[in-house]
Amino acid sequence: PGAWLIVPVEVDGKIWGCLGSQKICQTQPFTHDEIQLARRFTDQLAIAIQQANLYHQVHQLNQQLEQRVLERTAAFRQSRDLFEAVFQESADAIFLVETISSRILDCNQRAVELFEADDKEELIGVVGYMLRNEPFAAEAGAEAQNSIQTQGSWSQEIEYTTFGGQSFWGNLASKRIQVAEQQMALVRITDISHRKQTELYLQRQAEADHLLATIAQTVNQSVQLKEVLAPCLDKIRQFLCCDRVLVCQFDRDYTITIELESVAQPHLSLIDLTFKDPCFGQAWAEKYQRGYITALADTQTAEISPCHLEFLAQLQVRANLVVGILQADQIWGVLIAQHCSGAHEWQPLEVELFKQLGVQIGIATQKAILYQQLENQLTQKEILLKEVHHRVKNNLQIVSSMLWLQIKAIPDATVATVLTDTRSRLQAMALIHEILHQSNDLGQLDFSEYIQRLGNSILSAHSSRSAKIRLIYQLQPIVFNLETAIPCGLLLNELITNAIKHAFPDQQNGEICIRLEQKFIVVDTSPFRHNLANPLSSEQAIYEQLTPEQATPKQANPLSAPHYMLSVQDNGVGIATNIDPADLKSLGLKIAYDLALQLRGCLTLDRTHGTRFELTFSTLNYRKRF
């Protein structure tokens with residue numbers, strides 16, 4: 001038993017604990033001073049406890065802060081190392097550039113290597129666009145600024161010049177960044193020279209293929225050697241950027257003749273010159289025949305014979321490219337490209353193109369020779385055909401003259417009339433051969449001219465009627481082949497002769513109108529309307545006449561192809577109505593209908609006004625004789 005004093009310890013408004021005091025074996029209570037002392041001690045104890053807690057918290061915070069500092073320092077070091085690795089070890093050149101002056105503030109080692117500088121100090125302070133191969137235009141600068149402001153970056157492919165004087169292509173990419181509250185431009189330049197070289201090679205390859213295709217097409221379009229190759233040589237010289245391109249032909253002793261040339265300057269011309277290379281002979285010709293190619297980049301340093309070097313020097317040649325021109329595996333000449341102003345390294349693409357051009361020129365020269373041979377043969381055949389037509393005409397005239405003599409010797413008038421008609425038919429055929437002999441086209445006969453000459457000839461043969469009968473011609477300019485012209489001419493001879501003999505009895509005056517025109521017609525092939533196989537019943541044929549504009553491709557069948565209408569109409573007494581065209585007694589009209597059948601045409605008869613015979617037919621193709 002005793003007296004107890006318990007005072008609470010309050011820390012941060014909460015009861016942390018208490019302070020207890022005890023009087024052993026004493027019954028007196030604690031005094032007021034003792035209680036106040038305990039309370040002050042308790043307050044101090046609470047403050048001490050609070051300070052201890054705060055110290056512990058600060059200590060923990062310090063530890064955490066130190067840990068964070070260590071972590072951030074490690075991250076910073078890692079970022080710095082990463083930046084150094086990216087910046088210094090990058091495969092691209094990287095620059096830090098002032099945005100206003102465009103001066104270089106810093107760069108990596110790749111930039112030093114790419115621009116062939118001694119160190120980065122040589123690049124720092126240089127204005128970036130001064131490294132370009134071409135001046136930086138103000139328009140390009142404005143475009144770059146606008147792209148950066150609107151898109152945040154700018155990129156372009158630019159050709160640069162290094163400190164060593166070499167050129168290369170780079171892909172520039174620029175982006176604005178902020179470093180320590182300062183605006184800068186981060187510029188990356190990637191070396192794309194290899195890609196550019198590949199693109200240039202592919203572009204040159206495409207140009208070479210196009211040039212070769214153009215020349216091949218030009219060669220195929222004409223056989224005139226100089227007219228074809230002259231523009232081609234200009235294109236070749238421009239593609240190779242050389243001073244002279246020559247097409248040279250060899251003589252039997254390998255003397256060189258300049259057949260064609262293309263030169264950059266008039267004073268370099270060698271056209272029509274003939275000279276002999278003292279070092280060129282049969283051995284070199286055989287090498288070029290086997291496909292050998294001479295490609296000298298510089299004649300002054302090349303390993304060539306002194307005589308050949310002297311020969312090239314006389315022609316002012318510094319670089320020389322030569323390929324052979326073959327005709328049927330035989331050497332015809334050579335194709336030469338030359339640089340006179342300086343040396344030139346011939347690229348494999350240029351050599352291969354030149355080789356292919358040599359093949360094309362060989363084809364062109366061979367075609368020209370073959371064409372000349374064919375032209376000579378054609379001329380000889382034309383002369384022969386003219387002679388054939390002339391002789392056929394003469395033979396027919398001889399037969400005609402013999403018939404005339406026979407007519408004079410025969411007293412029988414009937415026989416004389418028959419022979420006269422036969423003689424007229426011979427003269428109609430002879431006239432065809434006479435016109436063909438006088439024509440430039442031996443395969444086509446101007447039938448309108450033939451009709452006029454034939455009509456006048458028949459009328460003059462009937463001298464007693466020529467003054468009273470007038471021939472009227474309404475003819476379109478139409479030509480026929482010989483297969484069509486002969487039966488058509490014989491048929492026309494029969495119709496005109498028949499009209500002159502029978503249309504105007506009692507010596508009356510009259511007119512005979514001969515008409516020839518081309519028509520596009522559609523024939524009604526209905527078996528109930530007409531039968532083309534039987535021209536004697538062709539009066540029942542129904543035709544729908546069309547103009548060439550109305551004839552559509554759909555109507556282009558054997559019965560809607562271009563047809564011709566030949567008509568002979570007189571204003572005479574006409575054929576009697578009791579005469580049946582299907583049962584004719586007249587030999588001339590029978591021959592006319594047989595000739596119409598041969599022409600696969602329709603011969604119709606109209607008795608409305610006088611007599612009108614109309615033949616509708618198409619041209620015949622030559623049949624296979626053998």
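The preceding data block contains the structure.
Owing to the predicted nature of the structure, the values given are computational and were not obtained by experimental measurement.

A.B. asks: Break down the nonpolar core for me, with residues and values.
C.D. replies: Membership of the largest hydrophobic core comes to 45 residues, with the highest contact counts inside it found for F447, Y450, I512 and L566. With 9 residues, the top contributor of residues to this core is helix α11 (residues 482-502). Listed in part, the 31 residues of the second largest apolar core include I236, L335, W346 and L349.

A.B. asks: Mind laying out the packing of aromatic side chains, listing which residues take part and the relevant values?
C.D. replies: Considering all chains together, one arrives at 12 aromatic pairs under this definition. Sitting above the plane of the F30 ring, K23 keeps its charged end 4.6 Å from the centroid. Taking NZ or CZ as reference, R204 lies 4.0 Å from the ring centre of F239, over its face.

A.B. asks: Explain helix α4 (residues 193-221) to me, and be specific about the residues and the numbers.
C.D. replies: A rise of 1.5 Å per residue sets the reference length of α4, with its 29 residues, at 42 Å; its end C-alpha atoms lie 41 Å apart and thus fit the reference within 8%. Listing the buried residues of α4 in full gives S193, K196, A208, L211, L212, T214, I215, A216 and V219.

A.B. asks: Help me get a handle on the layout of surface pockets, residues and values and all.
C.D. replies: Estimated volume of the largest pocket: approximately 480 Å³. V97, S102, W154, S174 and V187 are, among the 24 residues lining the largest pocket, the residues nearest its centre. Only β3 (93-98), α3 (138-151), β5 (153-161), β6 (167-179) and β7 (182-191) provide two or more residues apiece to the lining of the largest pocket. Counting residues per element, the lining of the largest pocket draws most heavily on α3, at 4 residues. Broken down by class, the residue content of the lining of the largest pocket amounts to 15 nonpolar, 6 polar and 3 charged.

A.B. asks: Can you break down the environment of Q444 residue by residue, with the values?
C.D. replies: Take Q444: it is sitting in strand β14 (residues 444-446). For Q444, a relative accessible area of 32% gives the class partly exposed. With 36 residues separating them along the chain, Q444 and F480 place their C-alpha atoms 5.4 Å apart.

A.B. asks: Give a detailed account of the packing of α11 against helix α12 (residues 587-598), specifying residues and quantitative values.
C.D. replies: At their nearest, the axes of α11 and α12 sit 9 Å apart, and the two run at 155° to each other. Compared by their axis directions, α11 and α12 come out roughly antiparallel. For the crossing formed where α11 meets α12, the hand is left-handed. Residue-level inspection shows P487, L490, L491, E494, L495 and N498 of α11 in contact with α12, the latter providing G588, L589, I591, A592, L595, A596 and Q598. Residues of the contact of α11 with α12, tallied by class, amount to 9 nonpolar, 3 polar and 1 charged.

A.B. asks: So what's going on with the side chain of E261? Residues and values would help.
C.D. replies: Relative to the assigned elements, E261 resides in strand β9 (residues 256-263). At 6.1 Å, R244 is the nearest oppositely charged side chain to E261, a buried residue that forms no salt bridge. A polar contact is formed between the side chain of E261 and the backbone nitrogen of L270, at a distance of 2.7 Å. Here I271 takes part through its backbone nitrogen, which lies 3.2 Å from a polar atom of the side chain of E261. Residue contacts for E261: discarding those within four places in its chain leaves L233, V245, L246, S269, L270 and I271.

Rules used throughout
Residues numbered from 1 in each chain as written. Predicted model: local features only at pLDDT ≥ 70, side-chain atom pairs only at ≥ 80, totals over all residues. Heavy atoms only, no water. Core = buried A, V, L, I, M, F, W, Y, C linked by side-chain atoms within 4.5 Å. Buried < 20%, exposed > 50% of the residue type's maximum accessible area, 1.4 Å probe, protein only. Helix = DSSP H or I, 4+ residues; strand = E, 2+ residues; numbered from the N terminus. Phe/Tyr/Trp six-rings, centres within 6.5 Å; stacked < 30°, edge-to-face > 60°. Lys NZ or Arg CZ within 6 Å of the ring centre and 35° of its normal. Expected span 1.5 Å × (residues − 1). 1 Å grid on protein atoms, 1.4 Å probe; cavity = no way out; pocket = protein on both sides within 12 Å on 5 of 7 lines; lining within 4 Å. Points joined across faces, edges and corners; volume = space filled by probe spheres on them. Nonpolar A, V, L, I, M, F, W, Y, C, P; charged D, E, K, R; others polar. Axes fitted to C-alpha atoms, helices over the stretch in contact; angles between N-to-C directions. Parallel < 35°, antiparallel > 145°, perpendicular 65-115°, else oblique. Left-handed = near helix turned anticlockwise from the far one by under 90°. Contact = heavy atoms within 4.5 Å. Lys, Arg positive; Asp, Glu negative; His and termini not counted. Salt bridge = Lys/Arg side-chain N within 4 Å of Asp/Glu carboxyl O. Polar contact = N/O pair within 3.5 Å; in protein donor to acceptor, adjacent residues only side chain to side chain.

Any functional reading would require information that these geometric values do not contain.
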